[in-house]
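# Remarks on the overall topology
So the chains spell out like this:
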Amino acid sequence: MEHVILLDDSGTATGLQDKSTVHTDSTPLHLAFSCYVFDRSGRFLASRRALSKKTWPGIWTNSVCGHPAQGEPLTDAVRRRAGFELGLELDELRLVLPAFRYRAELDGVVENEMCPVFSAVAVGDPAPHPDEVDDFRWLAWDDFRREANAPDSAFSPWCRLQIEQLTALGPEPAAWPEGDPALLPPAARQPSPVL
């Protein structure tokens, strides 16, 4: 059974909850991550969530999102989910937004996450898992930003909020500065013990 790590407002782990039950109209704050994957030429990999997903089905978003397991270092969780969802190995994995947090709602389902953001370079070509990813596209970063920020955007709310903060880091993703790990939620700085 897959769990998510529940958090208090300081980002300290307070318990675990079965992932299949956590996303409701009153989703508790929990730990997650997002990753923006690029190819060697600098194109960005956008993915569309599978139609079978409980949260935001069929919505375009950043490359990969997920939740670390109890006791799992965040970077290991990012690599695990990229392999599972996209069939990708990651290189040059870097923390870029350590303190990103958001809350969003769609059709009565709430996301409520402390969600550190990473960037990485893809090794090879995506081979998405159909239960996770319905489609994907490689886009120039500026084209992606324009499309995601359009008034009729089909991109997830967390992705649009992250783009705003990533844009503040600079126009070239390869030159984004490394985020300070000390700004991560406490539960992400040290893999949580058994709760």
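Refer to the structure printed above.
It should be emphasised that the depicted structure is a prediction, and the values quoted were computed from it without experimental measurement.

On to the environment of L183. Tracing the backbone shows L183 in the loop between α4 (157-167) and α5 (186-189). Judged by relative accessible area, L183 falls into the exposed class, the value being 51%. Other than its neighbours up to four places away in sequence, L183 contacts P98 and A99.

Before going further, it helps to examine the environment of F44. Turning to its location among the elements, F44 is positioned in strand β5 (residues 44-49). Note: C-alpha distance between F44 and D125 (81 residues apart in sequence) is 12 Å. The residues contacting F44, other than those within four sequence positions of it, are Y36, V37, F38, N62, S63, R137, W138, L139, W141 and F144.

To continue, consider the packing of aromatic side chains. The geometry of an aromatic ring pair is captured by two quantities: the separation of the ring centres and the angle between the planes. With the rule as written, the count across this model stands at 14 aromatic pairs. Each ring, one from W56 and one from W158, has its centre 5.3 Å from the other, and the planes form 80°; the classification is edge-to-face. Taken together, the residues W56 in the loop between β5 and β6 (60-61) and W158 in helix α4 connect sequence positions 102 residues apart. Judged by relative accessible area, which is 2%, W158 ranks as buried. Here R137 stacks its cationic end above the ring of W60, 4.4 Å away from the centre of that ring.

Phi at W56 takes a positive value of approximately 50°, unusual for a residue other than glycine. For D107, which is not glycine, the phi dihedral falls at a positive 50°. By secondary structure assignment, the location of D107 is in the loop between β9 (101-106) and β10 (109-114).

By secondary structure assignment, the location of A82 is in helix α2 (residues 74-86). Sequence separation between A82 and P126 is 44 residues, and the spatial gap between their C-alpha atoms is 9.3 Å.

This brings us to the nonpolar core. Residues L7, C35, V37, V78, L90, L93 and F118 are the most contacted members of the largest nonpolar core, which totals 27 residues. Among the elements of the structure, β1 (3-7), β4 (33-38), α2, β8 (89-97), β11 (117-123), β12 (133-139) and α5 are those that each provide at least two residues to this core. Not counting residues up to four positions away in its chain, the partners in contact with L7 are T12, A13, T14, L29, H30, L31, M114 and A187. The next biggest cluster of nonpolar side chains, apart from the first, holds 26 residues, and it includes Y36, F44, A148 and L166.

Moving on, we come to the side chain of H23. With respect to the helices and strands, H23 occurs in the loop between α1 (19-22) and β3 (30-31). Its relative accessible area of 5% is what places H23 among the buried residues. Polar contacts involving the side chain of H23 include one to the side chain of E111, which spans 3.1 Å. Excluding its chain neighbours within four sequence positions, the residues that come into contact with H23 are H30, K54, T55, H67, V109, V110, E111 and E113.

Reading the values: the criteria
- Residues numbered from 1 in each chain as written.
- Predicted model: local features only at pLDDT ≥ 70, side-chain atom pairs only at ≥ 80, totals over all residues.
- Heavy atoms only, no water.
- Helix = DSSP H or I, 4+ residues; strand = E, 2+ residues; numbered from the N terminus.
- Buried < 20%, exposed > 50% of the residue type's maximum accessible area, 1.4 Å probe, protein only.
- Contact = heavy atoms within 4.5 Å.
- Phe/Tyr/Trp six-rings, centres within 6.5 Å; stacked < 30°, edge-to-face > 60°.
- Lys NZ or Arg CZ within 6 Å of the ring centre and 35° of its normal.
- Core = buried A, V, L, I, M, F, W, Y, C linked by side-chain atoms within 4.5 Å.
- Polar contact = N/O pair within 3.5 Å; in protein donor to acceptor, adjacent residues only side chain to side chain.

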